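For reference, the chains in residue letters:
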Amino acid sequence: MRQDFVFSKVSRKLPFTGAGVLMAHRRHDGSWRVLLFRRAIEPDRGRWSVVGGRQERGETPAQAALREAVEEAFSGRDPEVFAKKLDGYLPERFDIAACRSAWIGFPGVFRYRTFLVELTREVPLDVFALNWESDACRWFPAARLPADAHFTLPWTVWRLGLTETRPCRTVG
């Protein structure tokens, strides 16, 4: 079964707790476009996903999500980089802890919280400076995610209210 394969690669320390950021823009017609990053390393090399990773000891999920987004999307370490690089694309008074979020997981194996960062418009891809964990980023319609998306992505997008189509129950 696919989920056993994925989980065996994620971590030897279970349960895994992580957090990430899904950047999205609502178009004039009401549809959403999401910014995804293609993994350059295992686990899930070649799959499209959000930026994110393991929550470190002492971090809140929001802090972990912001740290991971800065590291992976901007090759930085300072959390202030996120707001500086996305100046003009973020709503006023941006606070990641106040962003809408969704939990997904399997009891005893992993739990992952994704924070939705609603951008005022699509960010040009050349704004991003990807680190070694991703080899590309691209905008996709939320209602038509790529076939090689991470298996949790359709559920996350649906739970955040970016699409009305509920994913099927099977993971494959």
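> For the side chain of Thr156, give the residues involved together with the corresponding values.
As for its position among the elements, Thr156 is in helix H4 (residues 153-159). Exposure remark for Thr156: the relative accessible area of 6% places this residue in the buried category. If near-sequence neighbours (up to four positions away) are discounted, Thr156 is found in contact with Ile104 and Thr114.

> If you had to explain the environment of Ile104 to someone new, which residues and values would you point to?
Inspection of the secondary structure puts Ile104 in strand S5 (residues 101-106). You can call Ile104 buried: its relative accessible area is 13%. If sequence neighbours within four positions are ignored, Ile104 has contacts with Phe110, Arg111, Tyr112, Thr152, Trp155, Thr156 and Arg159.

> How would you summarise helix H2 (residues 61-74) if you had to cite specific residues and measurements?
With 14 residues, H2 extends 19 Å from end C-alpha to end C-alpha; this agrees with the ideal 20 Å at 1.5 Å per step. Burial within H2 is extensive, with 13 of its 14 residues counted as buried.

> Give me the lowdown on the pattern of salt bridges, citing residues and values where you can.
Evaluation of the coordinates by the stated rule reveals nine salt bridges. Between Arg38 and Asp135 there is a salt bridge; the shortest N-O distance is 2.7 Å. Note that Arg38 is positioned in strand S2 (residues 32-39) and Asp135 in strand S7 (residues 134-141), a separation of 97 residues in sequence. Judged by its relative accessible area of 44%, Asp135 falls in the partly exposed class. One salt bridge in this structure joins Arg67 and Glu68, with 3.0 Å as the shortest N-O distance. With a relative accessible area of 13%, Arg67 lands in the buried category. Residue class for Glu68 comes out buried when judged on its relative accessible area of 7%. Through salt bridges with shared partners, a single ionic network connects Glu56, Glu59, Arg67, Glu68, Glu71 and Arg77.

> Describe in detail the nonpolar core, supporting the description with residues and values.
With 27 residues, the main nonpolar core has Met23, Phe82 and Phe128 as its most contacted residues. Only strand S1 (16-26), S2, H2, strand S6 (110-119) and S7 provide two or more residues apiece to this core. Element by element, the count of residues in this core is highest for H2, at eight residues. One finds Leu116, Phe140, Ala142 and Val157 within the second-largest nonpolar core, a separate group that totals 23 residues.

What counts as what
Residues numbered from 1 in each chain as written. Predicted model: local features only at pLDDT ≥ 70, side-chain atom pairs only at ≥ 80, totals over all residues. Heavy atoms only, no water. Helix = DSSP H or I, 4+ residues; strand = E, 2+ residues; numbered from the N terminus. Buried < 20%, exposed > 50% of the residue type's maximum accessible area, 1.4 Å probe, protein only. Contact = heavy atoms within 4.5 Å. Expected span 1.5 Å × (residues − 1). Salt bridge = Lys/Arg side-chain N within 4 Å of Asp/Glu carboxyl O. Core = buried A, V, L, I, M, F, W, Y, C linked by side-chain atoms within 4.5 Å.

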